[in-house]
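Spelled out from the first residue to the last, the chains are:
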Amino acid sequence: MVDGSWTALGPKGDTIDGVKTWPGKRVGVHSVGDHTAIELIGKDRPGLLSEISAVLADLHFNVVGAEVWTHNRRIACVVYVNDDATCRAVDDPTRLSVMEEQLKNVLRGCEDDDKVARTSFSMGFTHVDRRLHQMLFADRDYEGGGTTTEADYPSSFKPKITIDHCEDKGYSAVSVMCKDRPKLMFDIVCTLTDMQYVVFHASISSDGPYASQEYFIRHMDGCTLDNEGEKERVIKCLEAAIRRRVSEGLSLELCAKDRVGLLSELTRVLREHGLSVTRAGVSTVGEQAMNVFYVRDASGKPVDMKTIEALRKEIGHTMMLNVKKEPSSAKTPEASGWAKTSFFFGSLFERFLA
């Protein structure tokens, strides 16, 4: 832990200095403008998000924004709340301590493992996605111990990562081939940066559903990746970074008039219908709450459309519900290569190193 002024994450990715924090907590809490930001990380289980939301609602905290990721049976959340009466950030230490303790109990569940619920803070973060990457990386979610199955991530999503040494240039070349998606480069570069590597040049190409990316890197001390153990760790960490955003199955987009306890109500309904949330995004624009939940059947089976219809009947009279099917497979790339879309970032990275 480093002493000094903290830089914290605002609901829209703003950077705000001088934030109040309570260091050394398993559940991180700090005030950001008119919101209180809560960071949670722990062991994932069906219904956990519902339990977290219920605690916040019972303690009269209104959720105005949140981002939730799950990977390798771990869950990381950044949640923005305010007081349900004043719509202001909560700075009462007693009230925050009660909330913190109850959230820790929810995250801990029946487990005594010290990895069940903990959060690590870092200085200078400016983006919620970046923060979630940092939290899961610090939690070592890439060391899943074989808990991730083919059902969790089908072969169409499995990235192929290789690391070679460019002796003439003195770089290590990290090659990534995987299914293309938004923010893929962001996720990879964030992870390399957090692992203390410097990207000197990069080549990004895509053709149809697949992407090919190559990064020429060195460690901050100027060394390349010559050790096999270090190469294996980088590959595991990049695979984790790529997969954290991957969600198979259904996404549910729900729009409703914002009210206190809305997230608690929605997650309770999902749990009661046997759905487990693998990723979620919550935002509030004016009086409208926008919620996106990526869900799967809690038993691991494909979601039955009868379940979705029952869900629509239960909540359809109070909010708009849009159901989208996430693709589960893609065609293999054509032999013609990766030339349809390509970018080269060598000069851009060199500008930052000047």
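Residues numbered from 1 in each chain as written. Predicted model: local features only at pLDDT ≥ 70, side-chain atom pairs only at ≥ 80, totals over all residues. Heavy atoms only, no water.

**Observations regarding the overall build of the protein**
Logical step 1: Regarding its fold elements, the protein presents 8 helices and 15 strands.
Logical step 2: Evaluated residue by residue, the protein yields a buried proportion of 49% over its 354 residues. (Helix = DSSP H or I, 4+ residues; strand = E, 2+ residues; numbered from the N terminus. Buried < 20%, exposed > 50% of the residue type's maximum accessible area, 1.4 Å probe, protein only.)

**Thoughts on the packing of helix α4 (residues 184-194) against helix α5 (residues 228-243)**
Logical step 1: Here α4 crosses α5 at 140°, and the two axes come no closer than 9 Å. Relative to α5, the crossing made by α4 is right-handed. Between α4 and α5, the contacting residues are Leu-184, Asp-187, Ile-188, Thr-191 and Leu-192 on the first element and Val-234, Cys-237, Leu-238, Ala-241 and Ile-242 on the second.
Logical step 2: When grouped by side-chain class, the residues that make up the contact of α4 with α5 number 8 nonpolar, 1 polar and 1 charged. (Axes fitted to C-alpha atoms, helices over the stretch in contact; angles between N-to-C directions. Left-handed = near helix turned anticlockwise from the far one by under 90°. Contact = heavy atoms within 4.5 Å. Nonpolar A, V, L, I, M, F, W, Y, C, P; charged D, E, K, R; others polar.)

**Concerning the pairing of strand β7 (residues 160-166)**
Logical step 1: Summarising the sheet, β7 and strand β8 (residues 171-179) pair through 7 bridges and their orientation is antiparallel. Paired with Ile-161 across the strands is Val-176, a residue of β8.
Logical step 2: What sits between β7 and β8 in their antiparallel hairpin is a turn of 4 residues, with Gly-170 showing a positive phi close to 75°. (Pairing = 2+ DSSP bridges.)

**Considerations on the nonpolar core**
Logical step 1: Within the largest apolar cluster, 44 residues are counted, with the highest numbers of intra-cluster contacts made by Leu-56, Val-79, Leu-252 and Phe-293.
Logical step 2: For Phe-293, the residues in contact, after removing those within four places along its chain, are Leu-49, Leu-250, Ser-251, Leu-252, Leu-254, Leu-263, Leu-266, Thr-267, Leu-270, Val-277, Arg-279 and Ala-280.
Logical step 3: The next biggest cluster of nonpolar side chains, apart from the first, holds 24 residues, and it includes Ala-202, Ile-204, Ile-217 and Cys-237. (Core = buried A, V, L, I, M, F, W, Y, C linked by side-chain atoms within 4.5 Å.)

**Remarks on the environment of Ser-50**
Logical step 1: Residue placement: Ser-50 occurs in helix α1 (residues 48-58).
Logical step 2: Residue class for Ser-50 comes out buried when judged on its relative accessible area of 4%.
Logical step 3: Setting aside chain neighbours within four positions, we find Ser-50 in contact with Thr-267, Arg-268 and Arg-271.

**Quick notes on helix α6 (residues 262-272)**
Each α-helix winds once per 3.6 residues, and so residues spaced three or four apart point in a common direction.
Logical step 1: Leu-262, Leu-263, Ser-264, Leu-266, Thr-267, Val-269 and Leu-270 are the residues of α6 that are buried.
Logical step 2: Close packing links the buried residues of α6 with α1, β5 (61-71), β11 (249-257), β12 (275-285), β13 (288-297) and α7 (305-315).
Logical step 3: Once α6 ends, the next one or two residues include Gly-274, with phi positive near 75°.

**Structural notes on the environment of His-71**
Logical step 1: By the secondary structure assignment, His-71 is in strand β5.
Logical step 2: The buried category is assigned to His-71, whose relative accessible area is 4%.

**Observations concerning the pattern of salt bridges**
Logical step 1: A complete count under the given rule lists 19 salt bridges for this structure.
Logical step 2: The closest approach of N and O atoms between Lys-183 and Asp-129, which form a salt bridge, is 3.1 Å. Residue Lys-183 is found in the loop between β8 and α4, and its partner Asp-129 is found in helix α3 (residues 128-138); the two are separated by 54 residues along the sequence.
Logical step 3: Residue class for Lys-183 comes out partly exposed when judged on its relative accessible area of 44%. (Salt bridge = Lys/Arg side-chain N within 4 Å of Asp/Glu carboxyl O.)

**Digging into the pairing of β11**
Logical step 1: The element β11 is extensively covered by neighbouring structure, given that 7 of its 9 residues are classed as buried.
Logical step 2: Of the strand pairs in this sheet, β11 and β13 are connected by 8 bridges, and their pairing is antiparallel. Considered in β13, the bridge of Cys-255 is made with Met-290.

**Focus on α3**
Logical step 1: Counted residue by residue, α3 has 8 buried out of 11 residues, so it is predominantly covered.
Logical step 2: Burial in α3 covers these residues: Asp-129, Arg-131, Leu-132, His-133, Gln-134, Met-135, Leu-136 and Phe-137.
Logical step 3: One or two steps after α3, the chain reaches Arg-140, where phi turns positive at roughly 60°.

**Some remarks on the confidence of the model for the protein**
Do not read the fine detail of predicted coordinates wherever pLDDT is low.
Logical step 1: Looking at the protein, the pLDDT average stands at 79 and 74% of residues meet or exceed 70.
Logical step 2: When the criterion is pLDDT under 50, residues 1-26 qualifies, and its contacts beyond four places in sequence or with other chains add up to 64 contacts.
Logical step 3: Within the model, pLDDT remains below 50 along residues 146-151, and this stretch shows 9 contacts once partners closer than five positions in the same chain are excluded. (pLDDT = per-residue confidence, 0-100.)

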